[in-house]
Amino acid sequence: MTEQPRRFHLQRTTDITGVSGTGRVADGVRWPDGTVSIRWRGERPSTVFWESLADAEAVHGHGGHTRIVWDDPAADDPIAVLRAIEDAPRYELVPGCPHCPDGHTPPDHGQPWGARIGPERDGYGQPTQIIVARVAGAHVAESDADWIRARLNSQP
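Residues numbered from 1 in each chain as written. Predicted model: local features only at pLDDT ≥ 70, side-chain atom pairs only at ≥ 80, totals over all residues. Heavy atoms only, no water.

1. Comments concerning the confidence of the model for the chain
Inference 1: Per-residue confidence for the chain averages 74 on the pLDDT scale, and 62% of its residues sit at or above 70.
Inference 2: No element of the chain has a lower mean pLDDT than helix α2 (residues 78-87), which averages 65, and none a higher one than strand β4 (residues 47-50), which averages 92. (pLDDT = per-residue confidence, 0-100. Helix = DSSP H or I, 4+ residues; strand = E, 2+ residues; numbered from the N terminus.)

2. A look at the pattern of salt bridges
Inference 1: Tallying each qualifying case throughout the model produces 3 salt bridges.
Inference 2: D71 serves as the salt-bridge partner of R24, at 3.1 Å between the closest nitrogen and oxygen. Of this pair, R24 sits in strand β2 (residues 23-30) while D71 sits in the loop between β5 (66-70) and α2, placing them 47 residues apart in sequence.
Inference 3: For the salt bridge of D27 with R41, the shortest nitrogen-to-oxygen distance reads 2.8 Å. Taken together, the residues D27 in strand β2 and R41 in the loop between β3 (36-40) and β4 connect sequence positions 14 residues apart.
Inference 4: The class of R41 is partly exposed, set by a relative accessible area of 43%.
Inference 5: When salt bridges that share partners are traced, they join R24, D27, R41 and D71 into one network. (Salt bridge = Lys/Arg side-chain N within 4 Å of Asp/Glu carboxyl O. Buried < 20%, exposed > 50% of the residue type's maximum accessible area, 1.4 Å probe, protein only.)

3. Considering the sheet that holds β4
Inference 1: The 5 strands are arranged β4-β3-β2-β1-β5 in an open sheet whose pairing can be described as antiparallel. Edge positions in the open sheet fall to β4 and β5, since each of these has one partner strand only. Neighbour-to-neighbour, the strand axes of this sheet turn through a mean angle of 25 degrees, independent of strand direction.
Inference 2: Sheet topology note: the strand β1 (residues 6-12)/β2 ladder contains 7 bridges and is antiparallel. Following the sheet pairing, Q11 is matched in β2 by R24. (Pairing = 2+ DSSP bridges. Axes fitted to C-alpha atoms, helices over the stretch in contact; angles between N-to-C directions.)

4. Things to note about the pairing of β1
Regular strands place side chains that alternate from one sheet face to the opposite one.
Inference 1: Across the 7 residues that make up β1, a large majority, 5, are buried.
Inference 2: Of the pairings in the sheet, the one linking β1 to β5 comprises 5 bridges and is antiparallel in character. From the neighbouring strand, Q11 faces β5, where its bridge partner is R67.

5. Describing the environment of D33
Inference 1: Tracing the sequence through the fold places D33 in the loop between β2 and β3.
Inference 2: Remark: the alpha-carbon pair of D33 and E3, spanning 30 residues in sequence, is separated by 8.5 Å.
Inference 3: Engagement of the side chain of D33 in a polar contact is seen with the side chain of T35, the distance being 2.7 Å. (Polar contact = N/O pair within 3.5 Å; in protein donor to acceptor, adjacent residues only side chain to side chain.)

6. As for the environment of G21
Inference 1: Checked against the element boundaries, G21 lands in the loop between β1 and β2.
Inference 2: As a C-alpha pair, G21 and R41 span 20 residues in sequence and 9.6 Å in three-dimensional space.

7. As for the nonpolar core
Inference 1: The biggest cluster of nonpolar side chains holds 11 residues, and these are F8, L10, V25, A26, V36, I38, W40, L53, A56, I68 and W70.
Inference 2: Where this core is concerned, the elements lending two or more residues are β1, β2, β3, α1 (53-60) and β5.
Inference 3: A total of 3 residues in this core trace back to one element, the largest contributor, which is β3. (Core = buried A, V, L, I, M, F, W, Y, C linked by side-chain atoms within 4.5 Å.)

8. Focus on the side chain of T35
Inference 1: With respect to the helices, strands and loops of the structure, T35 is situated in the loop between β2 and β3.
Inference 2: Those residues within four positions of T35 in sequence are excluded, and the remaining contacts are V29, R30, W50 and E51. (Contact = heavy atoms within 4.5 Å.)

If you want it as structure tokens, here you go:
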């Protein structure tokens with residue numbers, strides 16, 4: 001089992017049962033063994049466990065009215081990465097980035113940052129790398145790298 005736990009949420013367009021509403025209705029995790037935990041939002045939150053994501057989707061998908069949106073796209077799954085980019089919120093660009101003619105969001109505002117553990121492990125099996133990256137289709141400018149480096153090293 002080398003796969004990492006992977007977060008997702010359930011996005012519902014139509015509430016055919018009238019119980020959980022629309023929008024982001026639940027948060028979930030697919031565990032390395034393939035089982036799934038889902039935590040329902042709302043007035044009466046609950047947590048359910050499934051043997052597989054397919055089982056959860058068969059019950060809660062409501063014929064396509066609810067879809068799974070990956071919050072942690074698999075690095076080796078280009079389709080999931082593209083879907084995550086498409087589903088991510090968009091932000092206004094500001095002029096002044098020397099790398100893009102149409103503007104760039106500043107590091108401390110705008111498109112969100114994501115972080116994940118890299119695949120490298122030490123002799124004890126512990127991760128040795130944190131990968132920090134912009135999401136929602138934004139590139140990383142040198143000013144972004146400087147800003148992250150300062151934050152990681154506790155500089156103001």
